[in-house]
Structures are given as structure tokens and as C-alpha cells.
Amino acid sequence: MTGSTRERRTGTVLLLLTMLFAVLPLLSMLSAALQPQGSVPSGISWPSDPQWHNFADAWRVADISPLLVSSVLLVLGVVPAVALMATMAGYALGQLRIPGGGIFFVLLLFGLTLPHEATVVPLYHQMRDYGLLNSRLGLVLALIGVFMPFAVFWMRAHFQSVPVELSEAAAIDGASRWKSFRHIQVPLALPAISSMCLLLFIWTWNNFLQAIVLIDDPTHRTMSGALLNFVGQYSTDVVLLNAGSLLIMAPTIVVFLVFQRQFSKALLAGAVKG
Amino acid sequence: MTALGSAPARAAVGQDVARRAPVRRRRHGSWSGWLFALPALVMYGVFVLRPMLATVQYSFFDWDGITVAERVGLDNYRRVLTDPDLVSSIGHAFFLIIFFTIVPVAGGLLIAALLQELRQKWLVTGARTALFLPQIIPGAAAAIAWVWMLSIDGVVNQLLGLVGLDSVTRAWLGDFTWALPSVGLIGLWLQLGFCTILLISGIGKIDAAIYEAARLDGAGFFATFRAVTLPGLKAQIGVCVTVTVIAALASFDVVLMSTQGGPGNATMVPGVLVYQLGFTESRVGLASALGVVLTILVLVVILPLQRFFRED
């Protein structure tokens, strides 16, 4: 028994160290962001006179307001569309068991492992042909496609766990497939749909690759896509760079802290399903 | 759709008066069900599969993205597999697996095995919050945080100074030898928390009676680890390995934002190289061939791993 207690104590210490390691870069950023502007900060140290107004300055300099609006617009374009299409497709694969569904499923599995760098170059030329370069609509459409494999996979797993008898009972009542989907299946699937939406929100908000490739104007990108230009402009001003980057991270961190339990569940389940 | 959809079901119900079996046996629905799957398939097809096929097509051409493309057969692939810069970028991606996969999985396993389960509620909440943070913030922002951490005035050097290692301090990301391991450290930071949480939650699902039995048999920590923990966590380890290996081989945002592949080519990875070749250097054919090779590499590595971790 004593050995076991000692193991647990070692484990707890290691866990606390890992937790410290996880937050250390953010603390280091905060420490640098609060130093006087124009100074050259060094390591982590709590500033004697924390300059909280640096954040206000960084907000102005990094032009955060349009970035927030842009990210929100992208999320509103991507998340509901993916949720609707993936729920329908998940229902078709998991409940209706459409003929040829297996082939569709294998295609989706391929999409889950596909490195997106492999598709961005042709995607750029394709969007240019469609006249959708530098438009949020183009980025929204591209992201809907990119997130689809995971989302359908997720919803299929949910619908497989719903007893087929439920659909059959609805059919006996004379409900059309669409009605039974709309009024019976979707309400039951809401927990699965909402945790998927949390993940989709984070992935859209944090999207970087497609955002920098498809949109030139940083203020039309996602917030993290805009970081690329911000770094280019302020790489020498350590204080402002850190303050601005923290501001850009803040919305995701706040949403994560608010929905911490749901996120943890979704991330764990998402990993196991994916 | 209404008629199509419910007619077979009603027919089945007719038979169903005597037995339930026929309803169950109807394994496949009708083709009309595809109407539900169609929007998803179209979006996926147009914005993922079509570009992927185009990548394969482009890879056989020499094209600057604007003028007429010239068919060059397998030349682009020959370059990908012989040009030292391109080959070394693939080597770097595999080297990163040590930091993205091996260290996080080993560290997570060690912590999970020592803790068995988290009993204190505050520790569960605290651990989940802290350890998921690296997964939640944008990779590009994580890279900026680490550029500052690894700079000459950064925390890494500060900590080294505290333990008396002033002699080894340097600008880590600018050092030809140390830049790639430093990028690896960023990857380690990204993946460690996720693997740890996933493995702790997995070990909590192993029947406590098995551990009790192992203890009664007098099995020590390592024997229990080999006989109970490792097999019990096989599925979770598989998930960690799959996710992190893909992240290592296809790394992009962290490298682009921290080093852009430099100094020289010391931290160049295929993802960043595809981006640079395809957009800044306008060598679309070569970029596409590298993209195809990267895709094949990921599949060749992931499929056997999946098979290994799925089998019982």
C-alpha cells in the first residue's frame, strides 16, 4: 500500500508540473505584454508597474474589432451549414443505411487523414476560377467541405447508436422520412450536434491554412489568420506583439473556460471517434 | 419521398404481425435515402476530393499557375525524391514524431499509470482546463508564444540560468543544430496535455479489480504496467499515436509562424514547403507532387498503425 501512495504522490507532482508546463507560455506572454512599451522584456517577471493599457493600444494597432466581426461571420457561415448537412448525412449512413453508403464512408475516412496542405494549391486555383478568392464566402465553402468528413463521421456514430425501431415506429405512424428526421431524430441528436458545434466553432475560429491561402486582406480572415501579418509588422516590438497575440487568443480561451466541461467531453469523444 | 420511404416499412409491418425478424433483416434502405447524404457529399466532393484529384493531375505538369502548363511525366516526383532540400524536409517531419508522438505518449502513460485515477475533483477540473489549453488556442498563436519563450531573453534561457546552465543559453530557434528540436518542443507542448488527459480518462475505465488482483499477486509497478495498463489502454494509445503522428507529418502553422523553415532549411517541413513552392515560388507542379507524396506517406504510416491498435 505504501508503494501505491508513493506512486500516486509522484504522479500528482508530475501532473502538476505538466499543468504548469501547459500554462507557462501564456504566463510568459502576459508578463511580456505588461512591460512598458519600447522596453526589452526578459523572461517571466511580474512587472513593478503593469501597463494594462498596452492591451488597449494593441487592440487599436492590431485592429481587433474587424477581426472579431470577420471571425464571427465565418463561424456563422460554417457551423450551422456543416451541422445540418452532417446530421442529414449521418442519418442516411447510420439509420437509413443507404446502398453504397460503405463507399461514401471509406471516402470520408480518407478525408480524415488527408493532410490539407496537399489540397490548398489546387483549391486556390479552383476558387480563382469560381471568382471566390478573397471573399469570405469562398473560405466558408472551403471550410464546410474540409470539416465534413469529421462531422459526418461524428453524426454517423450517433445515429448508429439510435435503435432502428425508432425510425420504423415513425414509419408505421405514416410520418415521412423528412418528418421523422425533423421531429424525432434531430431532437434526440441535439446533445451530439451541440458538442460537435463546439468543436466546429473552435476549428473555424482557429483556422489558419485556408484563411491565409484564400484571403489576402487580413481583416477578412479568421483572427488567427490575421496573426501572420501582425507578426510581420510588429515582430520587433515584443510588448505589443505579445499583447496583441493574447487579445487574438482571448475569445477562444474565454469560450473554452465557459464551456470547459462540454469541451473536455467533446474533445475526448472526438478523439476516440476520429 | 414519403411514398418511397414508408412503403417498404409498411409492407414489413404487414408481415410483422406474426414475427419481428423481417423488419430487422431489412439491412439496406432505399436509394432515396441518398437525398439526405447528397449535400454533404457534394460539399466534400467539390472542396476536398476535387482539389485532391487536381493535385494528382498538376503533379505531372510544370506549371507556374498562370501560363500554359507543360506535361513533364514523373519529373516532379523524381525531384521530390532526390533534391536534398525536399528529401530533408520529409526527414524533418519524421524526426518531429519523436516530439509530437513518442514523448507525449510516454509522458502521458507514466502519469496515468502512477495516478491510476484522479480522486480530487479540483485536480480533475484543473488538469482538464490547463492541459486542454494548448489544443484550444490557435497553433499560430502558440507559435508566437514559443518564439518569445525560446528567444535569447525568453523563459527557457531564464530557467536554464536558474539551474546554472548559463553556458548553454542561446537563441534556440536561430541555431542550426537546435532549431528543429526546439520546434519539436513546441509540438511536445501542443500534444502532451491532450495525450495525458486521454490516457488518464482511459485508465479510469480499466476495472479496478484487475489492479487489485495484480497487487495481490505481488506484481510491482512495472509488471502491472506491462500486464494491465498497456493492454488496457491500447485503444487510447492508438488514438494518441494516430492523431499526433498526423500532426507531426503534416505540421504547418507552428513551423510557418515560428521559423518559416529556417535557419537555412534546418526546420523545413513538407507542409510549409508545399505552401512556399505553390504560392511564393509559383512551382505548382512540384508543390503538388510533394503534396501527393506527403499524403501517401501519411497513409502508409497511419494505416498499419490503425490495424495494429484496432486488433485485439
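Worth saying up front: this structure is predicted, and the values here are computed from it rather than measured.

Draft legend 1. Quick look at the overall build of chain A. Counting secondary structure elements, chain A contains 12 helices and 0 strands. Counting helices and strands in the order they occur from the N terminus, chain A gives α-α-α-α-α-α-α-α-α-α-α-α. Pairs at least 24 apart in sequence give 74% of the contacts found in chain A among residues at least 6 apart.

Draft legend 2. Up close: the overall build of chain B. For chain B, the count of helices and strands is 15 helices and 2 strands. The C-alpha radius of gyration computed for chain B amounts to 26 Å, which surpasses the reference 20 Å derived for 312 residues by more than 25%, pointing to a less compact arrangement than a globule. Seen through its principal axes, chain B has C-alpha atoms that stretch 85 × 75 × 30 Å. Across the 312 residues in chain B, those meeting the buried criterion constitute 47%. For chain B, the proportion of contacts with a sequence separation of at least 24, taken over those separated by at least 6, is 70%.

Draft legend 3. Layout of the interface of chain A and chain B. Listed as interface residues are 87 residues of chain A and, on the opposing side, 89 residues of chain B. Broken down by element, the residue count for the side of chain A that touches chain B peaks at 18 residues, all from helix α1 (residues 2-33) of chain A. Each residue belonging to the side of chain A that touches chain B can be placed in one class, and the counts come to 59 nonpolar, 22 polar and 6 charged.

Draft legend 4. Inspection of the nonpolar core at higher detail. With 178 residues, the main nonpolar core has Ala89, Met148 and Ala151 of chain A together with Leu290 of chain B as its most contacted residues. Of the residues forming this core, the biggest block, 16 residues, is contributed by helix α6 (residues 136-160) of chain A. When residues no more than four places from it in sequence are discounted, the contact partners of Ala89 of chain A are Val152 and Met155 of chain A together with Phe36, Ala37 and Ala40 of chain B.

Draft legend 5. Spatial organisation of the packing of helix α5 (residues 117-130) of chain A against helix α3 (residues 34-58) of chain B. One way to put it is that α5 of chain A packs onto α3 of chain B with a least axis distance of 8 Å and a crossing angle of 100 degrees. On the basis of their axis angle, the class for α5 of chain A and α3 of chain B is roughly perpendicular. Each of Ala118, Thr119, Val121, Pro122, Leu123 and Gln126 of chain A in α5 of chain A lies in contact with α3 of chain B, whose residues at this interface are Phe47, Val48, Arg50, Pro51, Met52, Ala54, Thr55 and Tyr58 of chain B.

Draft legend 6. The packing of helix α5 (residues 84-115) of chain B against helix α9 (residues 179-203) of chain B, seen in detail. Residue and element names in this part refer to chain B. One can describe the packing of α5 onto α9 by two numbers: an axis separation of 7 Å at closest approach and a directional angle of 35 degrees. The handedness of the crossing between α5 and α9 comes out as right-handed. The residue inventory of the contact of α5 with α9, partitioned by class, reads 20 nonpolar, 7 polar and no charged.

Draft legend 7. Unusual backbone geometry, seen in detail. Following Gly262 of chain B, the chain continues into Pro263 of chain B via a peptide bond in cis, with omega recorded as 0 degrees. Inspection of the secondary structure puts Pro263 of chain B in the loop between α13 (253-258) and α14 (270-280). A positive phi angle is found at Asp63 of chain A, which is not glycine, with a value near 55 degrees. Following the sequence through the fold, Asp63 of chain A ends up in the loop between α2 (53-61) and α3 (64-96). Classification of Asp63 of chain A by C-beta neighbours within 10 Å gives partly exposed; the count is 15. One non-glycine residue, Gln260 of chain B, lies in the positive phi region at around 55 degrees. Counting through the fold element by element, Gln260 of chain B comes out in the loop between α13 and α14.

Draft legend 8. Spatial organisation of the environment of Leu41 of chain B. Secondary-structure assignment places Leu41 of chain B in helix α3. Sequence separation of Leu41 of chain B and Val56 of chain B is 15 residues, and the distance between their C-alpha atoms is 20 Å.

Draft legend 9. Looking closely at the environment of Ala248 of chain B. All names here are of chain B. Counting through the fold element by element, Ala248 comes out in helix α12 (residues 234-249). Once the C-alpha coordinates of Ala248 and His92 are considered, the two residues, 156 residues apart in sequence, prove to be 9.4 Å apart. If we ignore the near neighbours within four places in the chain, the residues touching Ala248 are Ala93, Leu96, Ile97, Phe100, Thr101 and Gly187.

Draft legend 10. Representation of helix α7 (residues 164-172) of chain A within the structure. Residues and elements named next belong to chain A. Turning to α7, its buried residues number three or more, namely Ser167, Glu168, Ala170 and Ala171. Mapping the buried residues of α7 onto a view down its axis gives an arc of 160 degrees, with all of them on the same face. In the segment just after α7, Gly174 is the residue with positive phi, at about 85 degrees.

Draft legend 11. Structural detail: the confidence of the model for chain B. Residues and elements named next belong to chain B. Averaged over every residue, the pLDDT of chain B is 87; the share at 70 or more is 90%. Under a pLDDT of 50 for its full length, residues 1-26 has, in the predicted model, 27 contacts with residues more than four places off or in other chains. Confidence estimates for the predicted assembly give a pTM of 0.88 and an ipTM of 0.90.

Rules used throughout
Residues numbered from 1 in each chain as written. Chains lettered and ligands numbered in written order. Predicted model: local features only at pLDDT ≥ 70, side-chain atom pairs only at ≥ 80, totals over all residues. Helix = DSSP H or I, 4+ residues; strand = E, 2+ residues; numbered from the N terminus. Contact = placed C-beta atoms within 7 Å. Rg over C-alpha atoms; globule rule 2.2 N^0.38 Å. Buried ≥ 20, exposed ≤ 12 C-beta atoms within 10 Å, placed from the backbone. Nonpolar A, V, L, I, M, F, W, Y, C, P; charged D, E, K, R; others polar. Core = buried A, V, L, I, M, F, W, Y, C linked by C-beta atoms within 7 Å. Axes fitted to C-alpha atoms, helices over the stretch in contact; angles between N-to-C directions. Parallel < 35°, antiparallel > 145°, perpendicular 65-115°, else oblique. Left-handed = near helix turned anticlockwise from the far one by under 90°. Arc of directions from axis to C-beta. pLDDT = per-residue confidence, 0-100.

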